[in-house]
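If you want the building blocks of each chain, they are given just below.
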Number of protein chains: 2
Amino acid sequence: MNKPRKPATAFSAVVFDAYGTLFDVHSVATLAETLFPGRGDALSQLWRQKQLEYSWLRAMSRRYKPFWEITRDALRFSCARLGLALNAEREASLMNQYASLSAFPENLQALRELKAAGLPLGILTNGNRDMIDVAVRSAGMTGLFDHLLSSDTVQTFKTMDTIYDLAPKAFGCPAREILFVSSNCWDAIGSRWYGFTSFWINRGGLPLDQLDTEPDHTGRVLTDVVALVRG
Amino acid sequence: MNKPRKPATAFSAVVFDAYGTLFDVHSVATLAETLFPGRGDALSQLWRQKQLEYSWLRAMSRRYKPFWEITRDALRFSCARLGLALNAEREASLMNQYASLSAFPENLQALRELKAAGLPLGILTNGNRDMIDVAVRSAGMTGLFDHLLSSDTVQTFKTMDTIYDLAPKAFGCPAREILFVSSNCWDAIGSRWYGFTSFWINRGGLPLDQLDTEPDHTGRVLTDVVALVRG
(Lines give C-alpha, C1' and ligand atoms only; values in the text may rest on other atoms or scores of the structure.)
Protein backbone atom coordinates (compact mmCIF):
# COMPACT_ATOMS: atom_id res chain seq x y z
CA MET A 1 0.00 0.00 0.00
CA ASN A 2 2.94 2.35 0.54
CA LYS A 3 4.57 1.48 -2.76
CA PRO A 4 4.56 4.65 -4.87
CA ARG A 5 2.23 4.35 -7.79
CA LYS A 6 3.56 4.82 -11.27
CA PRO A 7 1.49 7.58 -12.83
CA ALA A 8 -0.88 6.48 -15.58
CA THR A 9 0.79 8.25 -18.45
CA ALA A 10 -0.88 6.55 -21.42
CA PHE A 11 -4.21 8.39 -21.05
CA SER A 12 -5.17 11.95 -20.24
CA ALA A 13 -8.61 10.95 -18.95
CA VAL A 14 -10.98 8.02 -18.52
CA VAL A 15 -14.60 8.52 -19.57
CA PHE A 16 -17.38 6.07 -18.81
CA ASP A 17 -20.70 5.22 -20.30
CA ALA A 18 -23.36 5.19 -17.56
CA TYR A 19 -26.13 2.60 -17.86
CA GLY A 20 -24.91 -0.97 -17.73
CA THR A 21 -21.32 0.23 -17.42
CA LEU A 22 -21.29 2.09 -14.10
CA PHE A 23 -24.86 1.46 -13.01
CA ASP A 24 -26.29 -1.99 -12.74
CA VAL A 25 -29.67 -2.15 -14.45
CA HIS A 26 -30.26 -5.68 -13.19
CA SER A 27 -32.53 -4.47 -10.39
CA VAL A 28 -34.92 -3.16 -13.03
CA ALA A 29 -35.16 -6.65 -14.56
CA THR A 30 -35.80 -8.09 -11.11
CA LEU A 31 -38.64 -5.66 -10.49
CA ALA A 32 -40.04 -6.34 -13.97
CA GLU A 33 -40.14 -10.04 -13.11
CA THR A 34 -41.89 -9.32 -9.82
CA LEU A 35 -44.53 -7.19 -11.54
CA PHE A 36 -44.95 -9.52 -14.54
CA PRO A 37 -44.00 -13.03 -13.42
CA GLY A 38 -42.45 -15.08 -16.20
CA ARG A 39 -42.18 -12.03 -18.49
CA GLY A 40 -39.56 -9.94 -16.70
CA ASP A 41 -36.72 -10.95 -19.01
CA ALA A 42 -38.72 -10.38 -22.17
CA LEU A 43 -39.83 -6.98 -20.89
CA SER A 44 -36.44 -5.73 -19.78
CA GLN A 45 -34.81 -6.88 -23.03
CA LEU A 46 -37.40 -5.29 -25.28
CA TRP A 47 -37.46 -2.16 -23.12
CA ARG A 48 -33.71 -1.71 -23.53
CA GLN A 49 -33.87 -2.49 -27.25
CA LYS A 50 -36.61 0.07 -27.90
CA GLN A 51 -34.92 2.66 -25.67
CA LEU A 52 -31.83 2.45 -27.87
CA GLU A 53 -33.83 2.23 -31.10
CA TYR A 54 -35.78 5.38 -30.23
CA SER A 55 -32.55 7.21 -29.33
CA TRP A 56 -30.97 6.24 -32.67
CA LEU A 57 -34.04 7.18 -34.73
CA ARG A 58 -34.33 10.52 -32.95
CA ALA A 59 -30.61 11.17 -33.40
CA MET A 60 -30.76 10.42 -37.13
CA SER A 61 -33.90 12.51 -37.66
CA ARG A 62 -32.92 15.33 -35.29
CA ARG A 63 -35.92 14.76 -33.01
CA TYR A 64 -34.20 14.99 -29.65
CA LYS A 65 -36.20 14.25 -26.54
CA PRO A 66 -34.71 13.71 -23.07
CA PHE A 67 -33.56 10.14 -22.52
CA TRP A 68 -35.72 9.86 -19.43
CA GLU A 69 -38.83 10.40 -21.57
CA ILE A 70 -37.53 8.04 -24.25
CA THR A 71 -37.06 5.44 -21.54
CA ARG A 72 -40.71 5.82 -20.55
CA ASP A 73 -41.86 5.72 -24.18
CA ALA A 74 -39.91 2.49 -24.68
CA LEU A 75 -41.45 0.98 -21.55
CA ARG A 76 -44.96 1.82 -22.74
CA PHE A 77 -44.37 0.37 -26.20
CA SER A 78 -42.76 -2.78 -24.80
CA CYS A 79 -45.66 -3.51 -22.46
CA ALA A 80 -48.15 -2.93 -25.28
CA ARG A 81 -46.13 -5.19 -27.57
CA LEU A 82 -45.92 -7.96 -24.98
CA GLY A 83 -49.53 -7.59 -23.88
CA LEU A 84 -48.58 -6.60 -20.32
CA ALA A 85 -50.94 -4.35 -18.39
CA LEU A 86 -48.89 -1.31 -17.44
CA ASN A 87 -50.90 0.89 -15.12
CA ALA A 88 -49.68 4.22 -13.71
CA GLU A 89 -48.47 2.60 -10.49
CA ARG A 90 -46.40 -0.09 -12.24
CA GLU A 91 -44.96 2.47 -14.64
CA ALA A 92 -43.95 4.74 -11.77
CA SER A 93 -42.29 1.93 -9.85
CA LEU A 94 -40.32 0.69 -12.88
CA MET A 95 -39.22 4.22 -13.77
CA ASN A 96 -38.29 4.95 -10.15
CA GLN A 97 -36.20 1.80 -10.11
CA TYR A 98 -34.39 3.14 -13.17
CA ALA A 99 -33.73 6.39 -11.34
CA SER A 100 -32.08 4.76 -8.34
CA LEU A 101 -29.74 2.10 -9.70
CA SER A 102 -26.88 0.71 -7.70
CA ALA A 103 -23.30 0.49 -8.92
CA PHE A 104 -21.75 -2.83 -9.86
CA PRO A 105 -19.95 -4.02 -6.69
CA GLU A 106 -16.38 -3.50 -7.95
CA ASN A 107 -17.01 -0.11 -9.53
CA LEU A 108 -16.67 2.27 -6.61
CA GLN A 109 -13.28 0.88 -5.63
CA ALA A 110 -12.11 0.86 -9.26
CA LEU A 111 -13.14 4.48 -9.76
CA ARG A 112 -11.43 5.53 -6.52
CA GLU A 113 -8.22 3.83 -7.62
CA LEU A 114 -8.29 5.55 -11.00
CA LYS A 115 -8.86 8.88 -9.30
CA ALA A 116 -6.08 8.20 -6.80
CA ALA A 117 -3.79 7.52 -9.76
CA GLY A 118 -4.35 11.13 -10.75
CA LEU A 119 -6.56 10.48 -13.76
CA PRO A 120 -9.35 12.92 -14.57
CA LEU A 121 -12.61 10.95 -14.82
CA GLY A 122 -15.87 11.62 -16.61
CA ILE A 123 -19.21 10.19 -17.63
CA LEU A 124 -20.50 10.59 -21.18
CA THR A 125 -24.05 9.37 -21.42
CA ASN A 126 -27.24 9.37 -23.45
CA GLY A 127 -28.98 10.17 -20.18
CA ASN A 128 -30.13 13.72 -19.61
CA ARG A 129 -28.40 15.72 -16.91
CA ASP A 130 -31.06 15.39 -14.18
CA MET A 131 -31.15 11.64 -14.74
CA ILE A 132 -27.39 11.24 -14.44
CA ASP A 133 -27.11 13.51 -11.39
CA VAL A 134 -29.59 11.32 -9.54
CA ALA A 135 -27.86 8.13 -10.67
CA VAL A 136 -24.43 9.33 -9.53
CA ARG A 137 -25.77 10.32 -6.10
CA SER A 138 -27.79 7.17 -5.74
CA ALA A 139 -24.74 4.99 -6.55
CA GLY A 140 -22.53 6.82 -4.04
CA MET A 141 -20.26 8.26 -6.74
CA THR A 142 -20.56 11.94 -5.84
CA GLY A 143 -17.24 13.79 -6.23
CA LEU A 144 -15.51 11.12 -8.31
CA PHE A 145 -16.03 12.73 -11.72
CA ASP A 146 -14.51 15.87 -13.18
CA HIS A 147 -17.16 16.08 -15.91
CA LEU A 148 -20.66 14.70 -16.31
CA LEU A 149 -21.33 14.99 -20.03
CA SER A 150 -24.88 14.48 -21.17
CA SER A 151 -26.96 14.30 -24.32
CA ASP A 152 -29.06 17.32 -23.44
CA THR A 153 -26.15 19.70 -24.00
CA VAL A 154 -26.01 18.72 -27.67
CA GLN A 155 -29.57 17.39 -28.14
CA THR A 156 -28.52 14.15 -29.75
CA PHE A 157 -27.42 10.62 -28.85
CA LYS A 158 -24.56 8.20 -29.40
CA THR A 159 -23.07 7.36 -31.85
CA MET A 160 -23.30 10.86 -33.35
CA ASP A 161 -19.98 12.72 -33.41
CA THR A 162 -21.52 15.75 -31.70
CA ILE A 163 -22.13 13.89 -28.44
CA TYR A 164 -18.73 12.14 -28.41
CA ASP A 165 -17.22 15.61 -29.11
CA LEU A 166 -18.17 16.62 -25.58
CA ALA A 167 -15.30 14.65 -24.01
CA PRO A 168 -12.28 16.01 -25.93
CA LYS A 169 -13.73 19.51 -25.45
CA ALA A 170 -14.28 19.06 -21.71
CA PHE A 171 -10.91 17.44 -21.02
CA GLY A 172 -8.98 19.60 -23.50
CA CYS A 173 -7.12 16.75 -25.14
CA PRO A 174 -7.35 14.71 -28.34
CA ALA A 175 -9.90 11.90 -28.36
CA ARG A 176 -7.22 9.20 -28.72
CA GLU A 177 -5.80 10.23 -25.31
CA ILE A 178 -9.15 9.48 -23.70
CA LEU A 179 -9.93 5.93 -22.64
CA PHE A 180 -13.65 5.47 -23.31
CA VAL A 181 -15.21 2.65 -21.32
CA SER A 182 -18.56 1.08 -22.19
CA SER A 183 -20.30 -2.21 -21.54
CA ASN A 184 -22.28 -1.70 -24.75
CA CYS A 185 -20.36 -3.22 -27.62
CA TRP A 186 -21.92 -0.80 -30.13
CA ASP A 187 -20.81 2.14 -27.97
CA ALA A 188 -17.30 0.76 -27.55
CA ILE A 189 -17.10 0.43 -31.34
CA GLY A 190 -18.83 3.75 -32.06
CA SER A 191 -16.44 5.53 -29.72
CA ARG A 192 -13.48 3.92 -31.45
CA TRP A 193 -14.87 4.98 -34.84
CA TYR A 194 -15.06 8.47 -33.40
CA GLY A 195 -11.43 8.42 -32.32
CA PHE A 196 -11.33 7.47 -28.64
CA THR A 197 -9.23 4.63 -27.32
CA SER A 198 -12.06 2.29 -26.41
CA PHE A 199 -12.54 -0.36 -23.73
CA TRP A 200 -15.42 -2.82 -23.90
CA ILE A 201 -16.55 -4.21 -20.54
CA ASN A 202 -18.05 -7.45 -21.81
CA ARG A 203 -19.81 -8.47 -18.60
CA GLY A 204 -22.07 -10.99 -20.30
CA GLY A 205 -19.44 -12.75 -22.40
CA LEU A 206 -21.28 -11.71 -25.57
CA PRO A 207 -19.95 -12.16 -29.09
CA LEU A 208 -18.38 -9.10 -30.68
CA ASP A 209 -20.73 -7.08 -32.86
CA GLN A 210 -19.98 -7.54 -36.57
CA LEU A 211 -19.07 -3.98 -37.45
CA ASP A 212 -15.58 -4.49 -38.94
CA THR A 213 -14.04 -2.85 -35.88
CA GLU A 214 -12.88 -4.16 -32.52
CA PRO A 215 -12.67 -2.11 -29.34
CA ASP A 216 -9.02 -1.34 -28.52
CA HIS A 217 -9.35 -3.23 -25.24
CA THR A 218 -11.78 -5.71 -23.74
CA GLY A 219 -12.35 -6.87 -20.18
CA ARG A 220 -15.03 -8.28 -17.92
CA VAL A 221 -15.22 -5.80 -15.07
CA LEU A 222 -14.19 -2.25 -14.28
CA THR A 223 -11.19 -3.56 -12.36
CA ASP A 224 -9.73 -4.59 -15.74
CA VAL A 225 -9.65 -0.92 -16.68
CA VAL A 226 -7.58 -0.16 -13.60
CA ALA A 227 -5.15 -2.91 -14.58
CA LEU A 228 -4.78 -1.48 -18.09
CA VAL A 229 -4.26 2.06 -16.91
CA ARG A 230 -1.63 1.03 -14.36
CA GLY A 231 0.16 -0.88 -17.14
CA MET B 1 -64.34 -2.96 -65.01
CA ASN B 2 -65.25 -0.51 -67.80
CA LYS B 3 -66.13 2.26 -65.38
CA PRO B 4 -63.70 5.15 -66.07
CA ARG B 5 -61.28 5.62 -63.22
CA LYS B 6 -61.07 8.91 -61.44
CA PRO B 7 -57.43 10.01 -61.60
CA ALA B 8 -55.55 9.93 -58.31
CA THR B 9 -54.97 13.62 -57.85
CA ALA B 10 -53.94 13.78 -54.21
CA PHE B 11 -50.45 12.38 -54.76
CA SER B 12 -47.77 12.92 -57.41
CA ALA B 13 -46.13 9.55 -56.73
CA VAL B 14 -46.24 6.50 -54.46
CA VAL B 15 -42.95 5.24 -53.09
CA PHE B 16 -42.52 1.93 -51.28
CA ASP B 17 -40.14 0.52 -48.78
CA ALA B 18 -38.90 -2.89 -49.99
CA TYR B 19 -38.30 -5.55 -47.33
CA GLY B 20 -41.39 -6.54 -45.42
CA THR B 21 -43.46 -4.03 -47.41
CA LEU B 22 -43.26 -5.32 -50.96
CA PHE B 23 -41.25 -8.47 -50.37
CA ASP B 24 -42.33 -11.11 -47.91
CA VAL B 25 -39.41 -12.09 -45.70
CA HIS B 26 -41.44 -14.90 -44.12
CA SER B 27 -39.76 -17.55 -46.29
CA VAL B 28 -36.47 -16.65 -44.62
CA ALA B 29 -37.96 -17.40 -41.21
CA THR B 30 -39.29 -20.70 -42.54
CA LEU B 31 -35.85 -21.71 -43.79
CA ALA B 32 -34.28 -20.60 -40.51
CA GLU B 33 -36.66 -22.91 -38.66
CA THR B 34 -35.79 -25.79 -41.01
CA LEU B 35 -32.06 -25.28 -40.47
CA PHE B 36 -32.34 -24.64 -36.72
CA PRO B 37 -35.47 -26.41 -35.47
CA GLY B 38 -37.13 -24.60 -32.58
CA ARG B 39 -34.88 -21.53 -33.02
CA GLY B 40 -36.08 -20.16 -36.36
CA ASP B 41 -38.20 -17.41 -34.82
CA ALA B 42 -35.50 -16.30 -32.42
CA LEU B 43 -32.95 -16.24 -35.24
CA SER B 44 -35.05 -14.34 -37.75
CA GLN B 45 -36.10 -11.77 -35.15
CA LEU B 46 -32.57 -11.13 -33.89
CA TRP B 47 -31.23 -11.15 -37.44
CA ARG B 48 -33.67 -8.41 -38.46
CA GLN B 49 -33.02 -6.43 -35.27
CA LYS B 50 -29.24 -6.49 -35.75
CA GLN B 51 -29.55 -5.73 -39.47
CA LEU B 52 -31.41 -2.52 -38.61
CA GLU B 53 -29.17 -1.73 -35.64
CA TYR B 54 -26.04 -2.01 -37.79
CA SER B 55 -27.60 0.18 -40.49
CA TRP B 56 -28.47 2.87 -37.91
CA LEU B 57 -25.05 2.80 -36.24
CA ARG B 58 -23.30 2.99 -39.60
CA ALA B 59 -25.58 5.83 -40.71
CA MET B 60 -24.91 7.83 -37.54
CA SER B 61 -21.16 7.24 -37.67
CA ARG B 62 -20.82 7.58 -41.47
CA ARG B 63 -19.54 4.03 -41.89
CA TYR B 64 -21.59 2.97 -44.89
CA LYS B 65 -21.37 -0.60 -46.07
CA PRO B 66 -23.75 -2.22 -48.59
CA PHE B 67 -26.92 -3.52 -46.95
CA TRP B 68 -26.30 -6.97 -48.37
CA GLU B 69 -23.06 -7.19 -46.37
CA ILE B 70 -24.73 -5.75 -43.29
CA THR B 71 -27.38 -8.44 -43.64
CA ARG B 72 -24.67 -11.10 -43.61
CA ASP B 73 -22.90 -9.47 -40.65
CA ALA B 74 -26.17 -9.46 -38.73
CA LEU B 75 -26.76 -13.12 -39.53
CA ARG B 76 -23.31 -14.07 -38.29
CA PHE B 77 -23.69 -12.13 -35.06
CA SER B 78 -27.16 -13.52 -34.43
CA CYS B 79 -26.05 -17.13 -34.82
CA ALA B 80 -23.06 -16.52 -32.54
CA ARG B 81 -25.33 -14.86 -29.98
CA LEU B 82 -27.86 -17.69 -30.06
CA GLY B 83 -25.23 -20.43 -30.11
CA LEU B 84 -26.31 -21.70 -33.53
CA ALA B 85 -23.69 -23.36 -35.74
CA LEU B 86 -23.65 -21.34 -38.95
CA ASN B 87 -21.43 -23.05 -41.49
CA ALA B 88 -20.74 -21.70 -44.98
CA GLU B 89 -23.48 -23.81 -46.54
CA ARG B 90 -26.19 -22.66 -44.10
CA GLU B 91 -25.09 -19.05 -44.46
CA ALA B 92 -25.24 -19.29 -48.24
CA SER B 93 -28.70 -20.83 -48.22
CA LEU B 94 -30.12 -18.23 -45.79
CA MET B 95 -28.58 -15.36 -47.76
CA ASN B 96 -29.83 -16.83 -51.05
CA GLN B 97 -33.30 -17.05 -49.59
CA TYR B 98 -33.05 -13.35 -48.78
CA ALA B 99 -32.07 -12.66 -52.39
CA SER B 100 -35.10 -14.36 -53.89
CA LEU B 101 -38.09 -13.29 -51.81
CA SER B 102 -41.62 -13.52 -53.09
CA ALA B 103 -44.11 -10.66 -53.05
CA PHE B 104 -47.02 -10.64 -50.63
CA PRO B 105 -49.93 -12.17 -52.57
CA GLU B 106 -51.97 -8.97 -52.99
CA ASN B 107 -49.01 -6.76 -53.92
CA LEU B 108 -48.63 -7.36 -57.63
CA GLN B 109 -52.27 -6.60 -58.33
CA ALA B 110 -52.20 -3.53 -56.06
CA LEU B 111 -49.10 -2.17 -57.79
CA ARG B 112 -50.64 -2.76 -61.23
CA GLU B 113 -53.78 -0.89 -60.21
CA LEU B 114 -51.77 2.06 -58.93
CA LYS B 115 -49.79 2.13 -62.14
CA ALA B 116 -52.95 1.87 -64.21
CA ALA B 117 -54.29 4.87 -62.28
CA GLY B 118 -51.44 6.84 -63.80
CA LEU B 119 -49.37 7.19 -60.65
CA PRO B 120 -45.57 7.14 -60.92
CA LEU B 121 -44.24 4.44 -58.57
CA GLY B 122 -40.92 3.95 -56.87
CA ILE B 123 -38.98 1.96 -54.31
CA LEU B 124 -36.82 3.68 -51.71
CA THR B 125 -34.81 1.14 -49.79
CA ASN B 126 -31.87 0.54 -47.50
CA GLY B 127 -30.96 -2.28 -49.86
CA ASN B 128 -28.11 -1.71 -52.27
CA ARG B 129 -28.95 -1.52 -55.96
CA ASP B 130 -27.87 -5.05 -56.95
CA MET B 131 -29.91 -6.46 -54.10
CA ILE B 132 -33.06 -4.58 -55.06
CA ASP B 133 -32.74 -5.35 -58.78
CA VAL B 134 -32.68 -9.07 -58.00
CA ALA B 135 -35.61 -8.76 -55.56
CA VAL B 136 -37.77 -6.87 -58.09
CA ARG B 137 -37.08 -9.45 -60.80
CA SER B 138 -37.56 -12.36 -58.45
CA ALA B 139 -40.96 -11.02 -57.30
CA GLY B 140 -42.19 -10.48 -60.87
CA MET B 141 -42.29 -6.68 -60.49
CA THR B 142 -40.09 -5.75 -63.45
CA GLY B 143 -41.38 -2.66 -65.26
CA LEU B 144 -43.72 -1.49 -62.52
CA PHE B 145 -41.45 1.17 -61.01
CA ASP B 146 -40.30 4.48 -62.42
CA HIS B 147 -37.46 4.78 -59.92
CA LEU B 148 -35.53 2.28 -57.80
CA LEU B 149 -33.85 4.45 -55.17
CA SER B 150 -31.18 2.83 -53.08
CA SER B 151 -28.88 3.55 -50.16
CA ASP B 152 -25.72 3.09 -52.20
CA THR B 153 -26.32 6.31 -54.14
CA VAL B 154 -26.02 8.32 -50.92
CA GLN B 155 -24.03 5.88 -48.77
CA THR B 156 -26.33 6.07 -45.80
CA PHE B 157 -29.53 4.53 -44.44
CA LYS B 158 -32.99 5.50 -43.24
CA THR B 159 -33.97 7.60 -41.35
CA MET B 160 -31.28 10.05 -42.51
CA ASP B 161 -32.61 12.95 -44.59
CA THR B 162 -30.11 12.29 -47.36
CA ILE B 163 -31.64 8.95 -48.29
CA TYR B 164 -35.26 10.17 -48.09
CA ASP B 165 -34.12 13.14 -50.26
CA LEU B 166 -33.76 10.72 -53.17
CA ALA B 167 -37.52 10.53 -53.76
CA PRO B 168 -38.46 14.22 -54.11
CA LYS B 169 -35.39 14.64 -56.33
CA ALA B 170 -36.26 11.66 -58.54
CA PHE B 171 -39.95 12.51 -58.88
CA GLY B 172 -39.44 16.27 -59.07
CA CYS B 173 -42.11 17.15 -56.53
CA PRO B 174 -42.30 18.17 -52.88
CA ALA B 175 -42.06 15.35 -50.32
CA ARG B 176 -45.62 15.95 -49.05
CA GLU B 177 -46.98 15.06 -52.51
CA ILE B 178 -45.34 11.65 -52.26
CA LEU B 179 -47.18 8.86 -50.46
CA PHE B 180 -44.47 6.85 -48.71
CA VAL B 181 -45.54 3.31 -47.84
CA SER B 182 -43.74 1.13 -45.31
CA SER B 183 -44.58 -1.84 -43.16
CA ASN B 184 -41.93 -0.72 -40.69
CA CYS B 185 -43.49 1.62 -38.17
CA TRP B 186 -40.19 3.43 -37.56
CA ASP B 187 -39.84 4.04 -41.31
CA ALA B 188 -43.43 5.25 -41.65
CA ILE B 189 -42.76 7.69 -38.79
CA GLY B 190 -39.26 8.64 -40.00
CA SER B 191 -40.62 9.37 -43.46
CA ARG B 192 -43.34 11.55 -41.97
CA TRP B 193 -40.75 13.41 -39.89
CA TYR B 194 -38.90 13.96 -43.13
CA GLY B 195 -41.94 15.42 -44.84
CA PHE B 196 -43.59 12.65 -46.87
CA THR B 197 -47.22 11.73 -46.51
CA SER B 198 -46.76 8.36 -44.86
CA PHE B 199 -48.72 5.11 -44.90
CA TRP B 200 -47.99 2.36 -42.39
CA ILE B 201 -48.88 -1.16 -43.56
CA ASN B 202 -49.36 -2.72 -40.15
CA ARG B 203 -49.51 -6.35 -41.28
CA GLY B 204 -48.86 -7.75 -37.83
CA GLY B 205 -51.34 -5.62 -35.91
CA LEU B 206 -48.46 -4.17 -33.85
CA PRO B 207 -48.80 -1.29 -31.41
CA LEU B 208 -47.71 2.11 -32.70
CA ASP B 209 -44.13 3.04 -31.84
CA GLN B 210 -43.98 5.69 -29.12
CA LEU B 211 -42.28 8.45 -31.06
CA ASP B 212 -44.82 11.29 -30.61
CA THR B 213 -45.81 10.98 -34.27
CA GLU B 214 -48.37 8.89 -36.11
CA PRO B 215 -48.17 7.89 -39.75
CA ASP B 216 -50.66 9.90 -41.82
CA HIS B 217 -52.43 6.68 -42.80
CA THR B 218 -52.50 3.11 -41.60
CA GLY B 219 -53.73 -0.09 -43.21
CA ARG B 220 -53.17 -3.83 -43.15
CA VAL B 221 -52.30 -4.68 -46.76
CA LEU B 222 -51.15 -2.93 -49.92
CA THR B 223 -54.72 -2.98 -51.22
CA ASP B 224 -55.52 -0.36 -48.54
CA VAL B 225 -53.10 1.98 -50.30
CA VAL B 226 -55.05 1.57 -53.54
CA ALA B 227 -58.27 2.41 -51.70
CA LEU B 228 -56.73 5.58 -50.25
CA VAL B 229 -55.31 6.76 -53.54
CA ARG B 230 -58.61 6.18 -55.37
CA GLY B 231 -60.33 8.21 -52.65
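The numbering scheme is per chain: residues are counted from 1 as the chain's sequence reads. For this description, chains carry letters from A and ligands carry numbers from 1, given in the order in which they are written. Residues qualify for local features only when their pLDDT is at least 70, as the model is predicted, and side-chain atom pairs are given and counted only at 80 or more; totals for whole chains, interfaces and linings, by contrast, use all residues. Note that water and hydrogens are dropped before the side-chain values are worked out from all heavy atoms of the structure.

Structural notes on the interface of chain A and chain B
Thought 1: Note on contacts: a residue pair qualifies if any of its non-hydrogen atoms lie within 4.5 Å across the two residues. Counting from both sides, the interface comprises 31 residues of chain A and, opposite them, 31 residues of chain B.
Thought 2: Put simply, buried area is how much 1.4 Å-probe accessible surface two parts lose in total, over both of them, once they are put together. Between chain A and chain B the total buried area reaches about 3,100 Å² when both faces are included, carbon and sulfur atoms providing 59% of it.
Thought 3: For chain A, the biggest contributors to the area lost against chain B are Met60(A), Trp193(A) and Gln210(A); these three give 22% of the whole.
Thought 4: Any Lys or Arg side-chain nitrogen located within 4 Å of an Asp or Glu carboxyl oxygen qualifies as a salt bridge. Here chain A is connected to chain B by eight salt bridges.
Thought 5: Across the pair Asp212(A) and Lys65(B) runs a salt bridge, and its minimum N-O distance is 2.7 Å.

Side note on the packing of helix α3 (residues 67–82) of chain B against helix α4 (residues 88–99) of chain B
In helix packing, the relevant descriptors are the interaxial angle and the interaxial distance, both defined with respect to the helix axes.
All names here are of chain B.
Thought 1: Axis lines are fitted through C-alpha atoms, for helices just across the contact stretch, and the angle between N-to-C directions can take any value from 0 to 180 degrees. Going along the chain from the N terminus, every DSSP run of H or I of four or more residues is numbered as a helix, and every run of E of two or more is numbered as a strand. The interhelical angle for the contact between α3 and α4, taken along N-to-C directions, is 135°, at an axis separation of 11 Å. Taken together, the axes of α3 and α4 lie oblique to each other. The handedness of the crossing between α3 and α4 comes out as right-handed. Side by side, α3 and α4 meet where Trp68, Thr71, Arg72, Leu75 and Arg76 of the first sit next to Glu91, Leu94, Met95, Tyr98 and Ala99 of the second. Any angle between 65 and 115 degrees counts as roughly perpendicular, while under 35 counts as roughly parallel, over 145 as roughly antiparallel, and the rest as oblique. In a left-handed crossing the near helix is turned counterclockwise from the far helix by less than a right angle, and in a right-handed crossing that turn is clockwise.

Re unusual backbone geometry
All names here are of chain A.
Thought 1: Geometrically, the link from lysine 158 to threonine 159 is a cis peptide bond, its omega value of 15° lying close to zero.
Thought 2: Relative to the elements of secondary structure, threonine 159 occurs in the loop between α7 (151–154) and α8 (161–164).
Thought 3: Notably, arginine 62 is not glycine yet its phi reads approximately 50°, a positive angle.
Thought 4: Tracing the sequence through the fold places arginine 62 in the loop between α2 (40–60) and α3 (67–82).

With respect to the pattern of salt bridges
Thought 1: Under the definition given, this model contains 28 salt bridges over all chains.
Thought 2: One salt bridge connects Asp216(B) with Arg192(B), and the closest N-O pair in it is separated by 3.4 Å. With Asp216(B) in the loop between β7 (197–201) and β8 (217–219) and Arg192(B) in helix α10 (residues 185–194), the pair connects residues that are 24 residues apart, well separated along the chain.
Thought 3: In this structure, a network of salt bridges that share partners links the residues Arg58(A), Lys65(A), Asp73(A) and Asp212(B).

Considerations on the domain arrangement of chain A
Residues and elements named next belong to chain A.
Thought 1: Residue ranges for the domains trace back to a domain assignment, done automatically or taken from a database. Taken domain by domain, chain A consists of domain 1 (13–24 + 102–230) and domain 2 (25–99).
Thought 2: Computed from C-alpha atoms alone, the centre-to-centre distance between domain 1 and domain 2 is 22 Å.
Thought 3: At the junction of the two partners, domain 1 supplies 20 residues and domain 2 supplies 18 residues.
Thought 4: Across the domain 1/domain 2 interface, buried area totals approximately 1,500 Å², and carbon plus sulfur atoms make up 64% of it.
Thought 5: In terms of surface lost to domain 2, no three residues of domain 1 exceed Asp24, Met131 and Phe157, which account for 37% of the buried area on that side.
Thought 6: At the surface where domain 1 touches domain 2, the tally comes to zero salt bridges.
Thought 7: Contributions of two or more residues to the side of domain 1 that touches domain 2 are made by β2 (23–24), α6 (129–138) and α7.
Thought 8: Three residue categories are used. Nonpolar comprises Ala, Val, Leu, Ile, Met, Phe, Trp, Tyr, Cys and Pro, charged comprises Asp, Glu, Lys and Arg, and polar comprises the others, including Gly. Taken together, the residues that form the side of domain 1 that touches domain 2 break down as eight nonpolar, nine polar and three charged.

A word on the relation of the copies chain A and chain B
Thought 1: A least-squares fit on C-alpha atoms brings the copies together, and the residues used are those whose pLDDT is at least 70 in both copies. With an RMSD of 0.0 Å, the operation that places chain A on chain B is a rotation of 180° combined with a shift of 0.0 Å along the axis. Overall, the copies show the geometry of a two-fold rotation axis.
Thought 2: Here 100% of the contact residues of chain A are again contact residues in chain B; the copies associate through an equivalent surface.

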